[in-house]
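# Architecture and fold: a report
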Amino acid sequence: MTLQHYDIFKQDCLINGEWVGTADRLDVTNPATGDVIASVPKLDAKAVHQAIDYAEEAFKSWRKVTPSKRGDIVRKWYDLIIEHTDELATIMTTEQGKPLAEAKGEIAYAASYIKWFAEEAMRINGEILPAGTENTHIRVSRDPIGVCAAITPWNFPAAMIARKAAPALAAGCSMIVKPASQTPLTALALGELAIQAGIPKGVLQIVTGKASDIGDALCENAKVRKLTFTGSTEIGSQLMAKCAPDVKKLSLELGGNAPFIVFDDADVDLAVEGLMAGKFRNAGQTCISPNRVYVQSSVLEEFQTKLADKVAALKVGNGLHDGVNIGPLIDKAGADKVAEHVEDALSHGALLLTGGKRLEQGDNWYAPTVLTRVPADAKCTSEETFGPVVPLIPFDTEEQVIEYANDTPFGLAAYFFSDNLHRAQRVVDAIESGMVGINTGAISAANAPFGGVKASGIGREGAHIGIEEYLEMKYQCYGIK
Ligand code: ADP
């Protein structure tokens with residue numbers, strides 16, 4: 001069965017409840033085969049401004065829908081997504097490359113944010129505060145911020161949208177989503193399910209086209225009150241500057257350079273398992289993926305042997321085929337960066353334990369790789385590799401490894417393994433990171449606050465505070481006669 005047979009497979013933009021196309025279009029390709037699988041509209045700035053007008057109109061009535069009703073509608077969206085898991089996952093694997101089992105996992109994960117925020121709609125509480133004087137009364141309400149825009153990346157084509165759209169809609173905002181050009185089809189399918197769920201026209205719109213044209217229109221239009229972005233620090237910082245003139249509220253989830261530390265008092269098998277789970281998901285194309293792996297010298301030999309055995313056993317292939325653990329990189333540029341980092345580390349004296357080569361499947365493919373004794377000046381320790389490469393870097397003391405871990409402008413995720421409670425508390429306190437996994441490599445959850453410090457971003461997604469990003473406080477001071 002081809003994707004075209006799914007009723008949720010859409011190749012037009014969702015604007016004000018209608019599917020809208022353009023003559024000028026952008027191809028979408030399957031990174032595993034290079035085949036063109038669809039094309040989507042290339043909207044111009046005028047069409048984006050028009051969508052913003054629709055969003056503003058829709059906001060006026062959506063904000064007045066009771067939280068309970070809004071929650072019900074968003075919850076219906078969740079139900080439909082779960083019901084369509086197989087179709088959504090197949091669309092995702094075909095445009096993004098990740099193994100089908102992972103794509104199904106992402107749909108469940110994306111849906112979990114939608115369920116979470118459907119429930120949070122009912123908990124947008126206000127406050128009554130003690131008054132400052134005898135004849136005043138202080139109340140604080142929390143109002144939806146207004147028209148929101150989301151720009152999302154290709155590595156998690158469903159989850160990055162769900163995390164943003166669900167809290168926005170639950171809060172009473174309208175939202176325009178600009179998915180990554182590589183993966184618009186999952187986004188458009190989610191849009192179709194949003195219509196089926198009864199999300200009113202204009203409340204959720206999905207626009208495709210040239211990223212900079214759409215991004216510029218969203219940033220320069222003063223009716224957009226909030227921009228939420230997940231992607232590179234470079235683009236995030238540009239968008240921040242573009243949103244400065246009318247002081248839009250921002251959430252930015254940007255690049256990482258996650259350290260993963262294995263102390264000599266760790267359960268080595270558990271640490272290997274944690275690294276496998278965190279590192280090789282999505283072929284390492286995850287912003288919280290462990291990028292630098294520091295292993296205390298006395299356990300390096302044991303750790304690297306066990307790890308290399310597991311990595312060498314990973315099955316690489318088309319994500320739609322059975323038993324595949326790792327798919328292709330998103331594109332040739334992604335694979336080129338991986339190759340460059342591996343070659344750079346080897347030229348600085350690192351040793352290759354497994355992988356270290358491009359694969360015969362084509363330009364987008366790279367073998368899962370483990371490098372050991374990687375020196376501190378190798379590129380892969382300071383830049384995000386965003387691929388299936390583990391560089392092992394030996395260290396001797398806790399003080400030294402904390403210094404290494406924090407020696408980066410980024411601070412998204414960090415991981416460490418230790419069975420010593422005192423050490424765990426010292427290290428977690430010292431690490432500069434928005435999220436820390438302690439004896440685990442899997443940290444993402446809808447009920448936890450996801451986000452970074454330093455150049456990794458601003459704001460948090462998920463948890464009860466995730467909805468705050470779409471609300472503004474209003475302090476009401478009543479004078480009483
Ligand atoms: P990645 O390395 O994940 O592709 P990017 O920051 O380049 O990270 O892309 C993340 C999202 O930002 C994608 O939706 C992409 O299309 C969009 N994007 C890229 N360049 C711009 C830009 N100049 N203005 C607005 N959005 C952009």
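Residues numbered from 1 in each chain as written. Predicted model: local features only at pLDDT ≥ 70, side-chain atom pairs only at ≥ 80, totals over all residues.

The name recorded for the protein chain in an unreviewed UniProt entry is NAD-dependent succinate-semialdehyde dehydrogenase, from Alteromonas gilva. Per UniProt, the protein chain carries the Sequence similarities (unreviewed entry) text "Belongs to the aldehyde dehydrogenase family." (UniProt positions renumbered as here; feature names shortened; annotations may be inferred.)

## Structural notes on the site of the ligand
In the vicinity of the ligand lie 15 residues, with Ala 211, Gly 215, Gly 231, Ser 232 and Ile 235 positioned nearest. When contributions to the shell around the ligand are tallied by element, the ones reaching two or more residues are helix H7 (211–220) and helix H8 (233–242). Here the residues of the shell around the ligand sort into seven nonpolar, seven polar and one charged. (Near = placed C-beta within 6 Å. Helix = DSSP H or I, 4+ residues; strand = E, 2+ residues; numbered from the N terminus. Nonpolar A, V, L, I, M, F, W, Y, C, P; charged D, E, K, R; others polar.)

## Here's the deal with the nonpolar core
Judged by nonpolar contacts, the single largest core of 86 residues is most densely connected at Val 74, Ile 81, Ile 114 and Leu 169. If sequence neighbours within four positions are ignored, Ile 81 has contacts with Leu 88, Ile 107, Ala 110, Ala 111, Ile 114, Leu 190 and Leu 193. Listed in part, the 59 residues of the second largest apolar core include Val 262, Ala 283, Leu 307 and Phe 417. (Core = buried A, V, L, I, M, F, W, Y, C linked by C-beta atoms within 7 Å. Buried ≥ 20, exposed ≤ 12 C-beta atoms within 10 Å, placed from the backbone. Contact = placed C-beta atoms within 7 Å.)

## Notes on the sheet that holds strand E5 (residues 127–129)
With respect to topology, three strands assemble into an open sheet ordered E5-E6-E22, the strand pairing being antiparallel. The open sheet has two edge strands, E5 and strand E22 (471–479), and neither has a second partner. Strand-to-strand twist in this sheet, taken as the mean axis angle between neighbours without regard to direction, amounts to 25 degrees. In terms of strand pairing, E5 meets strand E6 (residues 136–144) through three bridges, oriented antiparallel. Following the sheet pairing, Leu 129 is matched in E6 by Ile 138. (Pairing = 2+ DSSP bridges. Axes fitted to C-alpha atoms, helices over the stretch in contact; angles between N-to-C directions.)

## Some details on the UniProt feature "domain: Aldehyde dehydrogenase" (unreviewed entry) in the protein chain
The positions UniProt marks with the feature "domain: Aldehyde dehydrogenase" (unreviewed entry) are residues 19–474. Annotated as 40% helix and 21% strand, the span residues 19–474 places its first and last C-alpha atoms 37 Å apart.

## Re helix H1 (residues 45–62)
For H1, with 18 residues, the first-to-last C-alpha span of 25 Å sits near the 26 Å given by 1.5 Å per residue. Looking at the buried side of H1, the elements it contacts are strand E1 (13–15), strand E7 (147–151), strand E8 (174–178), strand E9 (204–206), H7 and strand E10 (224–230). (Expected span 1.5 Å × (residues − 1).)

## Structural notes on the UniProt feature "active site" (unreviewed entry) in the protein chain
Under the UniProt annotation, "active site" (unreviewed entry) lies at Glu 253. Looking at the secondary structure, you find Glu 253 in strand E11 (residues 249–253). Residue classification places Glu 253 among the buried positions, given that 28 C-beta atoms sit within 10 Å. Ignoring anything within four residues of it in the chain, the contact list for Glu 253 reads Thr 230, Gly 451, Gly 452, Gly 457 and Glu 461.

## Brief notes about the packing of helix H9 (residues 268–279) against helix H10 (residues 297–312)
Interhelical geometry of H9 versus H10 gives an angle of 45 degrees and a closest axis separation of 10 Å. Accordingly, the angle class assigned to the pair H9 and H10 is oblique. Every pair of crossing elements has a handedness; the one defined by H9 and H10 is right-handed. Of the residues in H10, those in contact with Val 268, Asp 269, Ala 271, Val 272, Leu 275 and Met 276 of H9 are Val 299, Glu 302, Phe 303, Lys 306, Leu 307 and Lys 310. (Parallel < 35°, antiparallel > 145°, perpendicular 65-115°, else oblique. Left-handed = near helix turned anticlockwise from the far one by under 90°.)

## Observations regarding the sheet that holds strand E15 (residues 369–372)
Across the sheet, seven strands lie side by side as E14-E15-E16-E13-E12-E18-E19; this open sheet has mixed pairing. Two strands bound the open sheet, and with one partner strand each, they are strand E14 (351–354) and strand E19 (435–438). Strand-to-strand twist in this sheet, taken as the mean axis angle between neighbours without regard to direction, amounts to 20 degrees.

## With respect to the packing of helix H4 (residues 100–120) against helix H5 (residues 159–171)
In helix packing, the relevant descriptors are the interaxial angle and the interaxial distance, both defined with respect to the helix axes. Look at H4 against H5: their axes get within 8 Å of each other, and the N-to-C directions meet at 10 degrees. It follows that H4 is roughly parallel to H5 by the angle criterion. Mapping the contact onto sequence places Glu 106, Tyr 109, Ala 110, Ala 111, Tyr 113, Ile 114, Phe 117, Ala 118 and Glu 120 in H4 and Ala 159, Ala 162, Arg 163, Ala 166, Pro 167 and Ala 170 in H5. Of the residues belonging to the contact of H4 with H5, the class tally is 12 nonpolar, no polar and three charged.

## Brief notes about the pairing of strand E16 (residues 389–395)
Among the seven residues that make up E16, six are buried, leaving the element largely enclosed by the rest of the structure. Inspection of the sheet shows strand E13 (residues 290–296) paired to E16 by four bridges, in the parallel sense. Each bridged residue has a counterpart across the sheet, and for Gln 296 the counterpart in E16 is Phe 395.

## Notes on unusual backbone geometry
The backbone of Asn 282 sits at a positive phi, close to 55 degrees, despite the residue not being glycine. Position of Asn 282 among the secondary structure elements: in the loop between H9 and E13. The buried category is assigned to Asn 282, around which 23 C-beta atoms lie within 10 Å. For Ala 283, which is not glycine, the phi torsion reads 55 degrees and is therefore positive. Structurally, Ala 283 can be placed in the loop between H9 and E13.

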